[in-house]
Amino acid sequence: MIEENEQIQVRKKKLTALKERGVRTYANDFFPLHTAAELHQRFAAATTEELEKREETFSLAGRIMSLRYFGKAAFFHLQDRSGQIQVYVRQGDSPPEAVTLLKESLDVGDLVGVTGPVFRTRTGELTIKATTLRLLSKALRPLPEKWHGLQDVEVRYRQRYLDLIVNPQVRDTFRKRAKLTQLIRQFFIERDFLEVETPIMQSLAGGALAKPFITHHRTLDIDLYLRIAPELFLKRLIVSGVDRVFELGRNFRNEGISTKHNPEYTMLEFYQAYATYEHMMMLTEELLVFLAQELQGGSRLTYGEHEIDLTPPWRRLGMVEAVCEYAGLSAEEIEREDVVRAKARELGVLPYAAAPLGKVIEELFGAVVEPHLIQPTFVVSYPVEVSPLARRNDADPRFVDRFELYIAGRELANAFSELNDPEDQLQRFLEQLREREAGDEEAHALDEDYIRALEYGMPPTAGEGIGIDRLVMLFTNSPSIRDVILFPQMRPEKK
RNA sequence: GGGGCGGUAGCUCAGCAGGUAGAGCAACGGCCUUUUAAGCCGUGGGUCGCGGGUUCGAAUCCCGCCCGCCUCACCA
């Protein structure tokens, strides 16, 4: 891990030489008052002559990103949190110690403080004429090459700090992500939702169908699960009278890693009492249009090869109808269990043998329908077997009042009218236990305290979860979830 | 877990009819006071992912392993 290549040695020598000359290395007494973007903005319209006349000096700090020497002068680009600006150092204009420092001790990658007035070069670039130049922190390792930058995706993910230094579009992605979560909070707070934080360590991993991570509490001497969803706690809060509640936080699922899955990911869940999943559809349309408007000023966006239009209302598609349409089954055939199972077998998506019919239909849906749902589509009417926490449909109790939102062939949100009948909820949990015994590892566990909470009375409520990482992927046109997670899960580096 | 592709200098990449490793950038030395992929001259730098095997000889061929990306299956 501690490697000493030639370039590191050279940089260490430069640092040692400075110390020997009495220069304070790693100084912390330079305080910049300006940023690159600020100066660019302020002097965008100023002519060369106007700049010549001003005597104001500015101070900036940042990283040297490129360096061009020639003779007794040099140019470099300084990068701070706002962007880049060019700096000019010239014997005569800059003090001798600045020229010497640059020539003998500074490299691309070093962090420096600069002060001086601005001017425009012959080619018109706004530039700071350095009247002071100080090393603030030495980069002992060289930055990646200047034109191709850092390409190796493994290094980009493992050493994200480096990726962020050299790839501006990566910085933009994460700024956009921050903006997006900020806008989501604004959206829900404006609508009188309360933001809460519920337990991440839970003694029972409920609220979704997934495999959890297990950890151990020493003092209590019990195993705890990292949550797979905050759902059951948020609905306890609905019981308590909060009525409108949301949480933006991390979920953990012990499943595969892929371009769409990271073991820990960010989920938005929100619940509204005295509402149904129909209201959630409208709220979702509003939310995404709001986000699109604020993030990019319009409701159309490009994702890979697709042009996506978020203008509401969005298409609504029954799950069973969708499977019929895309799997080529008739309305009569989809009612016949043997035909449905045969189709699943044919497509190689039949889950474990004893899987209930609803589960098989859901599998078929994933295989034949999902990839076609490019424009925003609410898929509605889910089989009750795959939705143990959702309210049954009044007209057809084999189905629940639930939807999933698909955009760009990918599930983005899951919502339903909540099941608030404690007796039905208990029966659903018991059914899940039977399925667990029949081989479904992801069947929901029985949460007795949750039943008890429902027995105190939960208002009719609708709730929804939105995968934030996938939403960010959509708005930043990122092909992989790793592109929107700062430090994605990777295998540890071997020694 | 299955399939495909990849790992060579600090970075980006060539080299793979087997004959002891190369370019550009970066580094080092020199020239150059408005450059911006600055330019010109010169120099150094590699356990060719790891371990075996075949061979007189392996970055190159074979086997195993490690790491990554893509893809399929489960999940959001």
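Residues numbered from 1 in each chain as written. Chains lettered and ligands numbered in written order. Predicted model: local features only at pLDDT ≥ 70, side-chain atom pairs only at ≥ 80, totals over all residues. Heavy atoms only, no water.

1. Overview of the protein's contact with RNA strand B
Condition: Only a single heavy atom is needed: when it lies within 4 Å of a molecule or strand, its residue is near that molecule or strand. N or O atoms within 3.5 Å of each other form a polar contact, as long as, within protein, one can give a hydrogen and the other can take it, and as long as residues adjacent in sequence are counted only when both atoms are side-chain atoms. Under the DSSP-based scheme used, a helix requires at least four consecutive residues in state H or I and a strand at least two consecutive residues in state E, with every element numbered from the N terminus.
Lining the immediate surroundings of RNA strand B are 53 residues, of which R90, T123, W147, H261 and R470 lie closest. At the protein interface, 57% of the atoms of RNA strand B within 4 Å belong to sugar or phosphate. In the model, a base nitrogen of RNA strand B is placed 3.1 Å from a nitrogen or oxygen of the Q91 main chain. Here a phosphate oxygen of RNA strand B and a backbone polar atom of D152 are 3.0 Å apart. Broken down by secondary-structure element, the contributors of at least two residues to the surface near RNA strand B are helix 1 (6–20), strand 1 (58–70), strand 2 (73–80), strand 3 (83–90) and helix 5 (153–158).

2. Some details on the side chain of T476
Operational definition: Burial here depends on accessible area, computed with a 1.4 Å probe over protein chains only, as a share of the maximum for the residue type. Under 20% is buried, over 50% is exposed, and the range in between is partly exposed. In this description, contact between two residues means that some pair of their heavy atoms is separated by no more than 4.5 Å.
Within the element layout of this structure, T476 appears in helix 15 (residues 468–476). Among the residues examined, T476 registers a relative accessible area of 16% and is labelled buried. At a separation of 2.6 Å, a polar atom in the side chain of T476 contacts the main-chain carbonyl oxygen of V472. A distance of 2.7 Å separates the side chain of T476 from the side chain of S478, its partner in a polar contact. For T476, the contacting residues outside a window of four places in its chain are T173, K176 and V484.

3. Let's talk about the sheet that holds strand 7 (residues 132–137)
Stated precisely, the cut-off is as follows: In this scheme, strands are said to pair when DSSP sees at least two bridges between them. Only the stretch in contact is used when a helix axis is fitted, and all axes are lines through C-alpha atoms; the angle between N-to-C directions ranges over 0 to 180 degrees.
Strand order in the open sheet formed by seven strands is 5-6-3-2-1-4-7, with mixed pairing between adjacent strands. Since the sheet does not close on itself, it has two edges, and those belong to strand 5 (118–120) and strand 7, each with one partner. Each strand of the sheet is rotated relative to its neighbour by a mean of 45°, with strand direction disregarded.

4. Some details on the packing of helix 13 (residues 422–437) against helix 14 (residues 448–455)
Applied cut-off: Angular relationships are summarised with four words: roughly parallel below 35 degrees, roughly antiparallel beyond 145, roughly perpendicular across 65 to 115, and oblique for the angles in between. Definitions for this section: a left-handed crossing has its near helix turned counterclockwise from the far helix by less than a right angle. A right-handed crossing has that turn clockwise. In the scheme used here, Gly and all other residues not listed as nonpolar or charged are polar, with Ala, Val, Leu, Ile, Met, Phe, Trp, Tyr, Cys and Pro taken as nonpolar and Asp, Glu, Lys and Arg as charged.
At their nearest, the axes of helix 13 and helix 14 sit 9 Å apart, and the two run at 165° to each other. It follows that helix 13 is roughly antiparallel to helix 14 by the angle criterion. Helix 13 and helix 14 meet at a crossing whose hand is right-handed. Residues P422, Q425, L426 and F429 of helix 13 form the contact with helix 14, whose participating residues are Y450, I451, L454 and E455. Across the contact of helix 13 with helix 14, the residue classes break down as six nonpolar, one polar and one charged.

5. Describing the confidence of the model for chain A
Any residue range with low pLDDT should be treated as having predicted coordinates unsuitable for detailed reading. This is how it is decided: A residue's pLDDT is the predictor's confidence in that residue, given on a scale from 0 to 100.
For chain A, the average pLDDT comes to 91, and 98% of its residues sit at 70 or higher. Mean pLDDT across the elements of chain A bottoms out in helix 11 (residues 337–347) (79) and peaks in strand 8 (residues 194–195) (98). Interface confidence in the predicted complex, given as ipTM, is 0.90; pTM for the same model is 0.92.

6. Observations regarding the packing of helix 10 (residues 319–327) against helix 12 (residues 357–368)
The relative placement of two packed helices is expressed as an angle between their axes plus a distance between the axes. Relative orientation of the contacting elements helix 10 and helix 12 amounts to 50°, with a least axis distance of 9 Å. Compared by their axis directions, helix 10 and helix 12 come out oblique. By crossing handedness, the relation of helix 10 to helix 12 is classed as left-handed. Contacts from M319, A322, V323, Y326 and A327 in helix 10 reach I361, E362, L364, F365 and V368 in helix 12.

7. Details of the packing of aromatic side chains
Quick note on the threshold: Each pair of aromatic rings taken from Phe, Tyr and Trp, with Trp reduced to its six-membered ring, is defined by centres within 6.5 Å and is described as stacked if the planes are under 30 degrees apart, edge-to-face if over 60, and tilted in the remaining cases. A positively charged side chain is recorded as over a ring if its NZ (Lys) or CZ (Arg) lies within 6 Å of the ring centre. The angle to the ring normal must also be within 35 degrees.
This structure, assessed with the given rule, holds 14 aromatic pairs. Seen from their ring centres, F188 and F193 are 5.1 Å apart, and the 80° between their planes marks the pair as edge-to-face. Connected via pairs of aromatic rings, a cluster forms that spans F187, F188, F193, F246, F270 and F290. Here K129 stacks its cationic end above the ring of F119, 4.9 Å away from the centre of that ring. Directly above the aromatic system of F187 lies the positively charged group of R191, at a separation of 3.6 Å from the ring centroid.

8. Side note on the pattern of salt bridges
Opposite charge on two side chains lets them pair, provided their charged atoms get close. For clarity, the cut-off: A carboxyl oxygen of Asp or Glu within 4 Å of a side-chain nitrogen of Lys or Arg is what we treat as a salt bridge.
For the structure on display, the rule yields 38 salt bridges. The salt bridge involving R160 is made with D163; its shortest N-O contact spans 2.8 Å. One end of the pair, R160, and the other, D163, are both in helix 6 (residues 160–166), three residues apart, so they sit about a helical turn from each other. Residue R160 is classed as buried on the basis of its relative accessible area of 0%.

9. Overview of a nonpolar patch on the surface
For the record, the criterion: Two joining distances apply to patches: 9 Å for like charges and 5 Å for nonpolar side chains (Val, Leu, Ile, Met, Phe, Trp, Tyr), and every residue must have over 30% relative accessible area and no salt bridge. We get accessible surface area from the Shrake-Rupley algorithm with a probe of 1.4 Å; when it comes to residues, only the shown protein chains can shield them.
On the surface, Y161, L486 and F487 cluster together into a nonpolar patch covering about 330 Å² of accessible area. According to the relative accessible area criterion, F487 is exposed, its value standing at 57%.

10. Concerning the nonpolar core
Put simply, the test is: By nonpolar core is meant a set of buried Ala, Val, Leu, Ile, Met, Phe, Trp, Tyr and Cys residues that side-chain atoms within 4.5 Å join together.
Membership of the largest hydrophobic core comes to 47 residues, with the highest contact counts inside it found for F188, L268, L291 and L471. Broken down by element, the residue count for this core peaks at 10 residues, all from helix 9 (residues 277–296). Apart from residues lying up to four places away in sequence, L268 is in contact with I184, F188, F246, E247, L248, L287, E464, G465, I466 and I468. Counting residues in each nonpolar core, the second largest holds 42 residues, with A322, A344, L373 and F429 among its members.

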